[in-house]
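The chain contents come next:
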Amino acid sequence: MDATRFSLADFFLGFNDDPLQPDEAFTEWREQTRWATTLFEPAMGHGPDAHTTLVGEDGEAHPVLNFASYNYLGLNKHPEVLAAAEQALRDYGTGSCGSPLLSGATDLHRRLEHKLAEFTGREAAMLFNSGFGGALGVLAGLLRKGDVALLDGRAHICLIDGVKLAGARPVLFDHDDPADLDKRLKEHVGARRVVLAEGIYSIHGDVAKLPELLDVCESNGVGMLVDEAHSVLTVGPTGRGAVELLGVSDRVGLYYATFSKAFASIGSFVAGDKEVIDYLRWYANSYAFSAALPASVVAGIDAALDVATRDDSLRNQLAENAACFRDGLHALGIDTGPSTTHVVPLMVGKGRRRLYEVGNKLREQGLFVSPFDYPSVPDDGLCFRACVSAAHTREDLDAALQIVKACW
Ligand SMILES: Cc1ncc(COP(=O)(O)O)c(C=O)c1O
């Protein structure tokens, strides 16, 4: 059996009678593809710094240039962020020990919510302890059976799962295609509808055509939620994301973003009108029935927000690094898909074996990028994703390009 002919999609349903026993064929496939799948679930020895280590099966820490972390502004060890988190850790202790609805929130949580509302130009904001969980909570809280959510064809799986959890119907429109969105909205006239799009797409790094998509939403009388996970703090003159970059902030109903990317932390927030946020505090189950973020995490996020919005230096550095890296890849003849941002795919196309062979070589040579296989991406669109950071130096970018050149 050529194990590279199979992907995760082939084992999804499983064939065993007992759901607690995974399909034997899956286990066998995992064994046979271990040479390839060791690229997944790597363990870092130094956190998501530009230079980190990966701890191999031999227990040794191998140095790598890190282009796999979402630490876009390099804030994970910024002195002000660390100081704020450390202080809160000492003052408030390790855990929140309660749901935000009952007992888990602190004055730091409230202050951050107010700052995020102001930052996004909304009436109110609320925090979630997970990015994925925040999306699930928001969508399952707002939608119900019979509703239709029109999702961009490349929307993150947390948005799709949130719609499914609500019992609403997910309908995908062609990626970033206003005409297809219009067609599909019209196919579902009569249902309560909402449109879900992202600011910067998480694998291909393209900025959504939000103005044109919003024209369609408005002509159909339908609201939009934008997921700014990869765009918050990283784009827009003051870091308010794609909605600011494209001048459409006032036209978007709900603003959702995670703290796991440029904030270099964990969790998420959603911001919008006072009434909808108040409603969600009661109906987003992942908020009401899950412990609040620890105060130390909240304090770190708050400080990261201050650092990132104080001026545009980190954003400018990020944009400069990203352009330099993309240009370097193009000079090597590598297709970077539609990326115009710090999220840069290195397109492999079809061919799982090549993906993993090149992936292993890149790792061995000390470049840490993430492989993307079907079904996360189309079968003919396999790729690596490089996340550029403002913390990368020019030497880091050049060294990474040299490794790509040697391995491609
Ligand atoms: C676009 C997008 N939305 C939401 C999430 C979920 O965020 P988190 O990883 O913080 O749970 C991700 C994660 O990568 C993402 O890329």
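Cut-offs applied
Residues numbered from 1 in each chain as written. Predicted model: local features only at pLDDT ≥ 70, side-chain atom pairs only at ≥ 80, totals over all residues. Heavy atoms only, no water. Helix = DSSP H or I, 4+ residues; strand = E, 2+ residues; numbered from the N terminus. Buried < 20%, exposed > 50% of the residue type's maximum accessible area, 1.4 Å probe, protein only. Pairing = 2+ DSSP bridges. Axes fitted to C-alpha atoms, helices over the stretch in contact; angles between N-to-C directions. Contact = heavy atoms within 4.5 Å. Parallel < 35°, antiparallel > 145°, perpendicular 65-115°, else oblique. Nonpolar A, V, L, I, M, F, W, Y, C, P; charged D, E, K, R; others polar. Domains from an automatic or database assignment. Buried area = accessible area lost by both parts, 1.4 Å probe. Salt bridge = Lys/Arg side-chain N within 4 Å of Asp/Glu carboxyl O. Polar contact = N/O pair within 3.5 Å; in protein donor to acceptor, adjacent residues only side chain to side chain. Patch = residues over 30% accessible without salt bridge, like charges linked within 9 Å, V, L, I, M, F, W, Y side chains within 5 Å. Areas by Shrake-Rupley, 256 points an atom, 1.4 Å probe, with all protein chains shown as cover. Lys, Arg positive; Asp, Glu negative; His and termini not counted. Charge placed at Lys NZ, Arg CZ, Asp CG, Glu CD. Arc of directions from axis to C-beta.

What about unusual backbone geometry?
- Tyr 374 connects to Pro 375 through a cis peptide bond whose omega is 10 degrees.
- Checked against the element boundaries, Pro 375 lands in the loop between strand E12 (370-372) and strand E13 (382-387).
- Although it is not a glycine, Glu 41 sits at a positive phi angle of roughly 55 degrees.
- One can find Glu 41 in the loop between helix H2 (34-37) and strand E1 (51-55).
- Taking relative accessible area as the criterion, Glu 41 reaches 76% and is therefore assigned exposed.

Re the sheet that holds E12
- With antiparallel pairing, the 3 strands of this open sheet are ordered in space as E10-E13-E12. Looking at which strands have only one partner, the edges of the open sheet turn out to be strand E10 (343-349) and E12. Recorded for the sheet is a direction-independent mean angle of 25 degrees between the axes of neighbouring strands.
- The pairing of E10 with E13 spans 6 bridges and is antiparallel. Bridge assignment links Val 343 to a residue of E13, and that residue is Cys 387.
- Packing of helix H14 (residues 352-365) onto the sheet brings it into contact with E10, E12 and E13, and relative to E13 it is tilted by some 30 degrees.

Digging into the packing of helix H5 (residues 131-142) against helix H10 (residues 274-283)
- For the pair H5 and H10, the least separation of the axes is 9 Å and the interaxial angle reads 100 degrees. Taken together, H5 and H10 sit at an angle that is classed as roughly perpendicular. Side by side, H5 and H10 meet where Gly 137, Val 138, Gly 141 and Leu 142 of the first sit next to Val 276, Tyr 279, Leu 280 and Tyr 283 of the second.
- Its residues placed into classes, the contact of H5 with H10 shows 6 nonpolar, 2 polar and no charged.

Digging into the domain arrangement of the protein chain
- Structurally, the protein chain comprises domain 1 (33-66 + 313-407) and domain 2 (79-310).
- Measuring from the centre of the C-alpha atoms in domain 1 to the corresponding centre in domain 2 gives 27 Å.
- Tallying the contact residues gives 16 residues for domain 1 and 20 residues for domain 2.
- Of the roughly 1,200 Å² buried at the junction of domain 1 and domain 2 (both faces included), carbon and sulfur atoms supply 61%.
- Looking only at domain 1, the three residues that lose the most surface to domain 2 are Arg 315, Pro 338 and Val 343, adding up to 44% of its buried area.
- Applying the counting criterion to the domain 1 and domain 2 interface returns 0 salt bridges.
- Summed over the shared surface of domain 1 and domain 2, the result is 8 residue pairs in polar contact (both at pLDDT 80 or more).
- Of all the elements in the fold, those that place two or more residues in the side of domain 1 that touches domain 2 are helix H13 (313-331), E10 and E13.

Re a negative patch on the surface
- On the surface, Glu 123, Asp 273, Glu 275 and Asp 278 cluster together into a negatively charged patch.
- Along the chain, Glu 275 turns up in helix H10.
- You can call Glu 275 exposed: its relative accessible area is 53%.

Structural notes on H10
- Those residues of H10 that fall on the buried side of the exposure criterion are Ile 277, Leu 280 and Arg 281. Looking down the long axis of H10, one finds its buried residues gathered within 105 degrees of arc, a one-sided arrangement. The exposed residues of H10 that point more than 90 degrees off its buried face are Glu 275 and Trp 282.
- In this fold, the buried residues of H10 make contact with helix H4 (107-120), strand E3 (124-128), H5, strand E8 (254-258), strand E9 (268-272) and helix H11 (285-288).

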